[in-house]
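# Survey of secondary and tertiary structure
If you want the building blocks of each chain, they are given just below.
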Amino acid sequence: MSMNSDQQMLEDSARQFFAERSPPAAVRGNRAAGRSFDPDLWREIAELGFAGALIPEMYGGSGIGYRGLGVVLDAAGRSLAASPLLQSAFIGAAALLRHGSPEQQTRLLPRIASGELTLALAMDEQAHHRPEDTRTKAHRVGDRWVLDGHKRLVADGDSAALLLTLARVEAEGSDSDCLRWFLVPATTTGVTRQRRHTVDGEGFADIEFAAVELDAEAALGGAWQDVIDIACIGVASTMQGAAEAALALTLDHLKTRSQFGQLIGSFQALQHRVARLYVDLQLARAAVTAALDALDGPGDANSEGQLQKLASLCKALCGETLHEVSNETVQLHGGIGMTDVHDSGLFLKRARVLETLYGSSSHHRDRYARFVGI
Amino acid sequence: MNEIEEFRHTTRQWLETHCPASMRTPMSEREVVWGGRNVTFPSTDAEQWLRVMAELGWTAPSWPRQYGGGGLDAAKVAVLQQELRRIKARPPLYSFGLWMFGPVLLEFGSEEQKQRLLPPIVRGEIRWCQGYSEPGAGSDLASLATRCEDHGDHFLINGQKIWTSYANLADWMFCLVRTDTRTKHGGISFVVFDMRTAGVETRPIRLISGESPFCETFLTDVRVPKDQLIGPLNGGWEIAKRLLMHERTNLSAEAFGNAAGLDLLDAARQFVGLREGMLIDTDLRARIARHRMRDEAFRLAVQQARADGARGGTAAASLASTFKVAAASLNQQRCELLIECLGHEGLGWEGDGFSTDGLRATRHWLRSKGNSIEGGTTEINLNVIAKRALGLPDPS
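Residues numbered from 1 in each chain as written. Chains lettered and ligands numbered in written order. Predicted model: local features only at pLDDT ≥ 70, side-chain atom pairs only at ≥ 80, totals over all residues.

### A look at the environment of R334 of chain B
All names here are of chain B. This is how the line gets drawn: Helix and strand assignments come from DSSP, with helices taken as H or I runs of at least 4 residues and strands as E runs of at least 2, each series counted from the N terminus. Exposed residues have 12 or fewer other C-beta atoms within 10 Å of their own C-beta, buried residues have 20 or more, and partly exposed residues fall in between, where C-beta atoms are placed from the backbone. Working definition of a contact: two residues with C-beta atoms, positioned from the backbone, lying within 7 Å.
With respect to the element layout, R334 can be found in helix 9 (residues 313-342). When the 22 C-beta atoms within 10 Å are taken as the criterion, R334 is described as buried. Setting aside its immediate chain neighbours within four residues, R334 contacts L264 and H291.

This is the structure:
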């Protein structure tokens, strides 16, 4: 579906906001200040209504929808802006909207929309994304839950107030059907988080859950898989923006750098390399758009099977395209691309983190192959 | 009910009544209806399907009513296409007139030319061919040398065209000719003529696939009436480029992707085999998955571009080249993977001992090598993308 004029306006204003307020160079600023994101930036993002983009107006949100918020994530990805937008406004809000009880929604959504409450998806436990092998356990003690386990490299895990945690409910069986999401306030006794310094400088943390006691209402209802699919689509939107921005950066260089008495962008060998990247980007963009539209669409477009397939499609395509683009960005910039002062490296580092988050491109190709029956 | 939903409702009912059941089944290459003076129909249903669609102008749904078209706006064209896809209706007509010549005639032709030449295209009565490439003018199309001289009341054309698709079966040709030798792009004109005109000779070219979809076309003292010049004299290059854009868009959206025959996934399951639900050859499985994902994304991109509707100028040209590059590479990949899945069964040329599907897959694979050459090579289209979409400077 094409963008309507509201979405077009949103795209223009979101891109302008992030370009002015948090250009890629801000990553260096955060690094120097020793913080994973700038709280002032997050407040401004919330004031623009982006933190509540998925949330209906009755809960204080702006109800822009998935496609609309996808446009904003894309804009944030373009400038490598660090903020709770993906984790809290996209993944966290979506999980509560789809699986939260009316009580949970009434209590939490308005605070997410205002930006005051942030969430993080605490899911993966090992070197790779294997949710069906989740070992974090939840068991009932009376009318309460007790959580034990360990989560590896939780994005925004150093700052989020509420950890959306995947755990196995042992009493209910041992297969993947008995995985559930739990809302764990980060300040609960028994929760320990340790900031981990990843290449991209964002706020990752390892998190321990040691006999963490939770209220009965801490568990979300329903299926667990769609939250991961939504997370993948959000990451894909972010990667698409980052890849397009890295290509734009490279094109600027090709149009200004002269060697052998001419602009290097006039060399056909280089033109064809970037033209192929452009073609790949158009395919990846179509996949993200279709996935976001499916999330906004009626139940049948949004059926579980279709959503899983589109999620893997866009996660893998945007991931492999960003991979290529980020490598070419360094190579086509030549020596300057290897320096810390240049933005090429920022894109490269963020690229690898996003590619790995919630399943590599290879993981999602494998998953797609299973969906199509080979 | 709003106007669009109303249109969808009546269209669906009309198709239910008028689209014969046999026209809702997959179509082999031999069953394609190309129209023309010597039209052949594979069945009476195919003949009827073309007639009823043409009567409404729905073979050319976006063309104005006064030229026989359907007169539908972009939103309604999209609805019609969705409804046709919904029932898996075959296209009633394949036609270079519909896909390439008609759209540029609508833009550049005189009123008289449009009234005379467009309605027979809509009805499938005249089959057109494209006189573009020459032995010395392939990727560098504007270096074409077929001479066209002004002889007072007519033009006289001498030269040779090559890679003319189905010239031996066509009724009329749209043709690029040189009307001024002093300037390259500014000395090209766009003319049309009847293939029965004295001095027009066609000779099919046998390809590596064994088929001959292309011809050499020899033009010797061909007399063309002056009212068969389209657009201004020496103004043909603009028209030529616009037509190429339509050709690329169409090649991408229609021709390459919809090859009949074995489905790649079915062939993989049947000939390579599954173990615990997964293809036994894991490397091949990964490559097929990668291909299928790109293919699905490409189809989504085409759908989204259709829904976005018309766009002009530079955006349209770079989109057409983008889709052409992607479609050619995807179809070639699909054909290669299919042959690989077939193994020994994909090596047959003809005769007993090989299945019909296997033989067809082999021929398609060979034919697909042309996808990245015809309609502008992949390299030329990458040049177009570099210049138009990415704004990179011309080579010095």
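### Looking at the pairing of strand 1 (residues 128-131) of chain B
Residue and element names in this part refer to chain B. Stated formally: Pairing between strands requires that DSSP locate at least two bridges from one strand to the other.
Neither face of strand 1 is exposed, since W128 and Q130 on one face and C129 and G131 on the opposite face are all buried. Alignment of strand 1 against strand 4 (residues 172-178), held across four bridges, turns out to be parallel. Considered in strand 4, the bridge of W128 is made with W172.

### Considering the interface of chain A and chain B
Just so we agree on the cut-off: For this classification, the nonpolar set comprises Ala, Val, Leu, Ile, Met, Phe, Trp, Tyr, Cys and Pro, the charged set comprises Asp, Glu, Lys and Arg, and every other residue, Gly included, is treated as polar.
With 33 residues of chain A at the contact, the number on the chain B side is 35 residues. Where the side of chain A that touches chain B is concerned, the elements lending two or more residues are helix 7 (225-256), strand 9 (262-263), helix 8 (268-296), helix 9 (304-333) and helix 11 (361-371) of chain A. Examining the composition of the side of chain A that touches chain B, we find that 15 residues originate from one element, helix 8 of chain A, more than from any other. Of the residues belonging to the side of chain A that touches chain B, the class tally is 20 nonpolar, 10 polar and three charged.

### Let's talk about unusual backbone geometry
Residue and element names in this part refer to chain B. Residues other than glycine seldom take positive phi values, yet K88 does so here, at roughly 55 degrees. You can see K88 is positioned in the loop between helix 3 (74-86) and helix 4 (96-108). What makes K88 exposed here is the crowd of 12 C-beta atoms within 10 Å. We note that Y166 has phi near 50 degrees; this positive angle belongs to a residue other than glycine. In this fold, Y166 is placed in the loop between strand 3 (154-165) and strand 4.

### Considering the environment of G334 of chain A
Within the fold, G334 of chain A resides in the loop between helix 9 and helix 10 (344-356). Considering only alpha carbons, one finds G334 of chain A and R195 of chain A, 139 residues apart in sequence, at a separation of 34 Å.

### Re the domain arrangement of chain B
Size of an interface, as often reported, equals the accessible area lost when the parts are brought together. Here is the rule we go by: Start and end positions for the domains come from either an automated domain assignment or a database one.
Structurally, chain B comprises domain 1 (3-94), domain 2 (128-234) and domain 3 (256-389). On a C-alpha basis, the centroid separation for the pair domain 1 of chain B and domain 2 of chain B is 31 Å.

### Thoughts on the environment of G319 of chain A
Residue and element names in this part refer to chain A. Secondary-structure assignment places G319 in helix 9. By C-beta crowding, G319 is classed as buried, having 29 other C-beta atoms within 10 Å. G319 sits 43 residues away from S362 along the chain, and the two C-alpha atoms are 9.3 Å apart. If we skip the residues at most four places from it in the chain, G319 touches M239, E355, S360 and S361.

### Here's the deal with the confidence of the model for chain B
Our working definition: How sure the predictor is of each residue is captured by pLDDT, a score from 0 to 100.
Overall, the predicted model of chain B reaches an average pLDDT of 93, with 96% of residues at or above 70. Complex prediction metrics read pTM 0.92 and ipTM 0.94.

### Some thoughts on helix 3 (residues 39-47) of chain A
Residues and elements named next belong to chain A. Applicable threshold: The directions from the helix axis to the C-beta atoms form the arc being described.
Within helix 3, the full set of buried residues consists of L41, W42, I45 and A46. Viewed along the axis of helix 3, the buried residues span an arc of 140 degrees, placing them on a single side of the element. Facing away from the buried side of helix 3, by more than 90 degrees, are the exposed residues D40 and E47. Those residues of helix 3 that are buried lie in contact with helix 1 (5-21) and helix 5 (85-99). Just past helix 3, the residue G49 takes up positive phi, approximately 90 degrees.

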